[in-house]
Amino acid sequence: MKPKYVLSIAAAVAGGAALLAEAAYAHGGFGPGGRHHGSAAARACIAVMTPDQRADLKSIFADVKGNLMTDHQNVQSAREALTLGILEKKDNLGSLQNSLSAAKLKLLQDEDAAAVRVCGLLNAKQLSAAEGLYKNLAALHKSTREQAREYFKQARSAAGDAAAAEIPGDAQGGPQSVE
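All values reported here derive from a predicted model rather than from experimental measurement.

Asker: Would you explain the overall build of the chain in this entry?
Answerer: From N to C terminus, the chain includes 5 helices and 0 strands. Listed N to C, the secondary structure of the chain is α-α-α-α-α in terms of helices and strands. Sequence-distant contacts in the chain: of pairs separated by 6 or more residues, those separated by 24 or more amount to 66%.

Quick look at the structure:
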């Protein structure tokens, strides 16, 4: 791949991320400190909104902010409790794992409910545009990861380590993000 295409892809990724981040952060986002951990659907919907529709986001975010902050705190507390359980070599981690799973599920449900409210502000044409944006960014993300994986293989091969040219876990496509 020619260097100018790589730069174009990198610019598109950075531009897309900046657009989505700007839209989410401009209105307080989901989560503490305005960090947006919520739904990709909500981010795509925000990106295609008109300025008038974005004005309505303030009330939605104000309504959900308290619940989402509590949800994030509960996930963090459950994660810390599980970590301590592991470090303390507790025999049964099941209840701690269940608590973390329940906290994550509650957070996901509340984020999804907020996304439904956000996307509910759009008309059919805007929803279609948001869906297209989401699909295009997902495809871009996948191809960028695949290209990065290929660059690592090439670098390891160029360094003379043929056995190291394969990335561990590459058969499964590498580690996947849950968010």
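Asker: Looking at this model, I keep getting lost on helix H2 (residues 40-47). Mind explaining?
Answerer: At 3.6 residues per turn, the α-helix brings residues three or four places apart onto the same side. Looking at H2, one finds that the buried residues are Ala42, Ala44, Cys45, Ile46 and Ala47. Of the residues flanking the start of H2, the one acting as N-cap is serine 39, its side-chain oxygen 2.9 Å from the backbone nitrogen of alanine 41.

Asker: Just checking my understanding: could you explain the pattern of salt bridges for this structure?
Answerer: A side chain with one charge may pair with a side chain of the opposite charge, provided their charged atoms come close. Following the criterion strictly, the structure yields 4 salt bridges and no others. In this structure, lysine 90 engages glutamate 88 in a salt bridge whose closest nitrogen and oxygen atoms are separated by 3.9 Å. On the basis of relative accessible area, lysine 90 is assigned to the partly exposed category, the value being 45%. Residue lysine 135 pairs with glutamate 131 through a salt bridge whose shortest N-O separation is 2.8 Å. You can see lysine 135 and its partner glutamate 131 sitting in helix H5 (residues 124-158), 4 residues apart, about one turn around the helix. When its relative accessible area of 44% is taken as the criterion, glutamate 131 is described as partly exposed.

Asker: Can you walk me through the packing of H2 against helix H4 (residues 94-119) in this structure?
Answerer: Any two packed helices are characterised by how steeply their axes cross, that is the angle between the axes, and by the distance between the axes. Relative to each other, H2 and H4 sit at 20°, their axes nearing to 8 Å. Taken together, H2 and H4 sit at an angle that is classed as roughly parallel. Crossing handedness for the pair H2 and H4: left-handed. Contacts between H2 and H4 pair Ala41, Ala42, Cys45 and Ile46 from the former with Ala115, Val118 and Cys119 from the latter.

Asker: Teacher, can you tell me more about H4 here?
Answerer: The end-to-end C-alpha distance of H4 is 37 Å, a good match for the 38 Å that 26 residues give at a rise of 1.5 Å each. Here H4 has its buried residues at Leu96, Leu100, Ala103, Leu107, Asp110, Glu111, Ala114, Ala115, Val118 and Cys119. On its buried side, H4 packs onto H2, helix H3 (51-87) and H5.

Asker: Is there a simple way to explain unusual backbone geometry in this structure?
Answerer: Negative phi characterises most residues that are not glycine, and trans characterises most peptide bonds. Despite not being glycine, lysine 89 shows a phi value in the positive range, around 55°. Relative to the elements of secondary structure, lysine 89 occurs in the loop between H3 and H4.

Asker: I'm lost on the environment of alanine 114 in this one. Help?
Answerer: The topology assignment puts alanine 114 in helix H4. With 49 residues separating them along the chain, alanine 114 and lysine 65 place their C-alpha atoms 9.6 Å apart.

Asker: Would you mind showing me how to read the environment of serine 101 here?
Answerer: Tracing the backbone shows serine 101 in helix H4. The partly exposed category is assigned to serine 101, whose relative accessible area is 45%. C-alpha separation for the pair serine 101 and alanine 78, spaced 23 residues apart in sequence, amounts to 8.6 Å.

Asker: I tried to follow the nonpolar core on my own but got confused; where do I start?
Answerer: Across soluble globular proteins, nonpolar side chains show a tendency to be buried alongside one another. Counting 13 residues, the largest nonpolar core has Cys45, Leu57 and Val118 as its most contacted members. Breaking this core down by element, the ones donating at least two residues are H2, H3 and H4. With 4 residues, the top contributor of residues to this core is H2. Ala78, Leu82, Leu96 and Ala103 belong to the second largest nonpolar core, which has 10 residues in total.

About the thresholds
- Throughout, residues of each chain are indexed from 1 in the direction in which the sequence is written.
- Totals for whole chains, interfaces and linings use every residue, but because this is a predicted model, local features are given only for residues with pLDDT of at least 70 and side-chain atom pairs only at 80 or more, for both listing and counting.
- Remark: hydrogens and water are excluded; side-chain values derive from all non-hydrogen atoms of the structure.
- Going along the chain from the N terminus, every DSSP run of H or I of four or more residues is numbered as a helix, and every run of E of two or more is numbered as a strand.
- Any two residues whose heavy atoms approach within 4.5 Å at even a single point are treated as in contact.
- Here the term buried applies to any residue with accessible area under 20% of the maximum for its type, exposed to any over 50%, and partly exposed to those in between, with areas from a 1.4 Å probe on protein chains only.
- For the purposes of these results, a polar contact is taken to be a pair of N or O atoms within 3.5 Å, where, inside protein, one atom must be able to donate a hydrogen and its partner to accept one; residues adjacent in sequence count only when each atom of the pair is a side-chain atom.
- Counted as salt bridges are all cases of a side-chain nitrogen of Lys or Arg within 4 Å of a carboxyl oxygen of Asp or Glu.
- Every angle, taken between N-to-C directions, lies between 0 and 180 degrees, and every axis is a line fitted to C-alpha atoms, over only the stretch in contact when it is a helix.
- If an angle is under 35 degrees, it is roughly parallel; if it is over 145, roughly antiparallel; if it lies from 65 to 115, roughly perpendicular; otherwise it is oblique.
- Note on convention: near helix rotated counterclockwise from far helix by under a right angle means a left-handed crossing. Clockwise means right-handed.
- By definition here, a helix of n residues has an expected span of 1.5 Å times n minus one.
- The definition of a nonpolar core used throughout is a set of buried Ala, Val, Leu, Ile, Met, Phe, Trp, Tyr and Cys residues joined through side-chain atoms within 4.5 Å.

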